[in-house]
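An overview of the molecular structure
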Amino acid sequence: MFVQLPTPLITCLTFALGACMFPGHHWGEWNDSQLLPTIQKLMKGYNRYLRPNFNEGPVEIGMSLDIASIDAISEINMDYTATIFLRQRWRDSRLVFPGNESVSVDGRLVSLLWIPDTFIPDSKRSFLHDVTVENRLIRIFSNGTVLYALRITATIACNMDLTKYPMDRQVCTLQLESWGYNLQDVVFYWTRGNDSVRGLDTLRLAQYSVESYYTSVSRAVYETGQYPKLVLHFALRRNVLFFILETYVPSTLLVVLSWVSFWISQSSVPARTCIGVTTVLTMTTLMMGARTSLPNANCFIKAIDVYLGICFTFIFGALLEYACAHFYTMQHQTIEDLHRDLVREFNESSGNGSVPVVSSTQPKNSAKVSSPAEEPAEQSATSDTKATCSEAKEEKPGQGCSLSSVKDASRRAAAIFIVENPHNIDRHARAVFPTAFLFVNILYWLYYLFF
């Protein structure tokens, strides 16, 4: 049950409570002008649509940044997402008040003041944090200086050169420009030079490390005029250790595994074929997996693609080496079988007492089994053949005995590709493949690390 107290009694209780809470103050000393909020005094006659120093010169706006975090760096979209604290300072003579103190204004009253129209030109998406209220800070100093701070998360474009991926070094920028005020109205500057940016020294990223950074003052030239521009440049060096363990070491081990077939007998066809095909398929899978985190449609030939291509070439070369060795082995075996059959037939015919058939594969001593009476006839036939050939040469120079010349040339060309001992192919491959792979690796790492 509530009891309605008389109004004079409520007034007496209020003054009594005030006397208890503030015993040192006397309410009679306060007047109405002192009880008015300070912001109302400052805003009296203030026009927020006009910039400070209107018709007197440009407004100098100093800026500083705190990089809270860089959440993600995407090679696919070529951008990075960062959360920053942006602080802007300028002097507004209309906000001067007596004293040496500063006044902190609620961020929701930002609509009452003139503020710069700063924006990030390379931003794709951005938002202002609003938990639990909009993350704004407005502080007005007695000399008219205004401090305006924001907490922003933005996804900013960064053009990347991926030709040396994953040993690349990317230089990204964070640009700040004025949207509508040109250089005659607004001038930007960094408040403390390179020290105006904080947080990059202690930043920890997953794949990158911040190598260096610096600030610069520039101007943006558009069709509508020249505008102030501040740029933060920072270089990111990719940590290659992850890619060495993830890609380079497995691909190198696959190449070494393909060399195991050089020590397996050539007669073990299933074993050597299985090793060659397995390493080729595994290398193909590794190459496809290395490209999933990169843009599919790009014109870059990356360093990792070059190395995977080198490894695939050596693995495929090991498979072709066995194919060649097996082919020459079968060819050599066929020639030996044919020679063995001819020797057997010659021995059988000699045992029966009949005259053997002379072939080109038989030795010259065994081929001469003719009687002395036949030798003059053979010599005369040979002399007739030589005479005929010489006459043909004199009548048609360049065309005589051309068929035999072509045959001799073809035999010499074919003799180059004939391997007397096919097992030497594996012996040479054991030394050639590792030496060549080591040499190519030295050139690869020297080029991509130091050039």
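Calculation rules
Residues numbered from 1 in each chain as written. Predicted model: local features only at pLDDT ≥ 70, side-chain atom pairs only at ≥ 80, totals over all residues. Heavy atoms only, no water. Helix = DSSP H or I, 4+ residues; strand = E, 2+ residues; numbered from the N terminus. Contact = heavy atoms within 4.5 Å. Areas by Shrake-Rupley, 256 points an atom, 1.4 Å probe, with all protein chains shown as cover. Pairing = 2+ DSSP bridges. Core = buried A, V, L, I, M, F, W, Y, C linked by side-chain atoms within 4.5 Å. Buried < 20%, exposed > 50% of the residue type's maximum accessible area, 1.4 Å probe, protein only. Polar contact = N/O pair within 3.5 Å; in protein donor to acceptor, adjacent residues only side chain to side chain. Expected span 1.5 Å × (residues − 1). Bend = angle between axes of the 7 residues up to and from the residue. pLDDT = per-residue confidence, 0-100. Patch = residues over 30% accessible without salt bridge, like charges linked within 9 Å, V, L, I, M, F, W, Y side chains within 5 Å. Salt bridge = Lys/Arg side-chain N within 4 Å of Asp/Glu carboxyl O.

1. Examining the overall build of the protein
- When helices and strands are counted, the protein shows 10 helices and 12 strands.
- Residue pairs in contact within the protein that sit at least 24 positions apart in sequence constitute 76% of those at least 6 positions apart.
- As presented, the protein carries roughly 28500 Å² of accessible surface, and 60% of it is formed by carbon and sulfur atoms.

2. So, the sheet that holds strand 12 (residues 225-238)
- Read from one edge to the other, the open sheet built from 4 strands follows the order 4-8-12-11, with strand pairing classed as antiparallel. Of all strands in the sheet, those with a lone pairing partner are strand 4 (118-119) and strand 11 (208-222), marking the two edges.
- Across 14 bridges, strand 11 lies against strand 12 in antiparallel orientation. Bridging from a neighbouring strand, Tyr-208 pairs with Arg-238 of strand 12.

3. Thoughts on the nonpolar core
- Formed by 75 residues in total, the largest nonpolar core has its most connected members in Leu-65, Ile-70 and Tyr-80.
- The element best represented in this core is helix 6 (residues 303-352), accounting for 9 residues.
- In this structure, Ile-70 is in contact with Tyr-80, Thr-81, Ala-82, Leu-200, Leu-203, Leu-205 and Phe-234, ignoring residues within four places of it in sequence.

4. Details of the pairing of strand 12
- Among the 14 residues of strand 12, 11 are classified as buried, and the element is accordingly described as predominantly covered.
- As paired elements, strand 8 (residues 169-178) and strand 12 share 9 bridges and run antiparallel to each other. Bridging from a neighbouring strand, Thr-173 pairs with His-233 of strand 12.
- Here strand 11 folds back onto strand 12 in antiparallel fashion, the turn holding 2 residues.

5. Re the environment of Tyr-214
- Mapped onto the elements, Tyr-214 comes out in strand 11.
- Sequence spacing of Tyr-214 and Val-197 is 17 residues, and the spatial spacing of their C-alpha atoms is 8.5 Å.
- Setting aside chain neighbours within four positions, we find Tyr-214 in contact with Asn-194, Val-231, Leu-232 and His-233.

6. As for the side chain of Lys-229
- As for its placement among the helices and strands, Lys-229 is situated in strand 12.
- Side-chain polar atoms of Lys-229 contact the side chain of Gln-175, separated by 3.1 Å.
- Beyond its immediate sequence surroundings of up to four residues, Lys-229 is in contact with Gln-175, Leu-176, Glu-177, Phe-188, Ser-216, Val-217, Ser-218, Arg-219 and Ala-220.

7. Thoughts on the environment of Asp-195
- With respect to the helices, strands and loops of the structure, Asp-195 is situated in the loop between strand 9 (186-190) and strand 10 (197-198).
- Taking the C-alpha atoms as reference, Asp-195 lies 9.3 Å from Leu-65; in sequence the two are 130 residues apart.

8. Thoughts on helix 4 (residues 241-258)
- Over its 18 residues, helix 4 extends 25 Å from the first C-alpha to the last, a length consistent with the 26 Å expected when each residue adds 1.5 Å.
- Its axis deflected by about 35° at Tyr-248, helix 4 carries its strongest bend there, up to four residues before the proline Pro-250.
- Those residues of helix 4 that fall on the buried side of the exposure criterion are Phe-243, Thr-247, Tyr-248, Ser-251, Leu-254, Val-255 and Ser-258.

9. Points about helix 10 (residues 423-450)
- Taking 1.5 Å per residue, 28 residues should reach 40 Å; helix 10 reaches 42 Å between its end C-alpha atoms and fits that length.
- At Ala-429, helix 10 shows its maximal bend, which comes to roughly 30°.
- For helix 10, the full list of buried residues reads Ile-425, Asp-426, Ala-429, Phe-433, Phe-437, Asn-441, Tyr-444 and Tyr-448.

10. Some details on the side chain of Arg-238
- Following the sequence through the fold, Arg-238 ends up in strand 12.
- Here the side chain of Arg-238 touches Glu-75 through a polar contact of 2.7 Å, side chain to side chain.

11. Focus on the confidence of the model for the protein
- On average, residues of the protein score 79 in pLDDT, and 73% of them reach the 70 mark or higher.
- By mean pLDDT, the top-scoring element of the protein is strand 9 (97), and the lowest-scoring one is helix 1 (residues 7-21) (36).
- Every residue in residues 354-400 scores below 50 in pLDDT, and together they form 15 contacts with partners more than four places removed in sequence or on other chains.

12. Observations concerning a nonpolar patch on the surface
- Among the surface-exposed residues, Leu-438, Ile-442, Leu-446, Tyr-447, Leu-449, Phe-450 and Phe-451 lie close enough to one another that they form a single nonpolar patch of about 800 Å² accessible area.
- Along the chain, Ile-442 turns up in helix 10.

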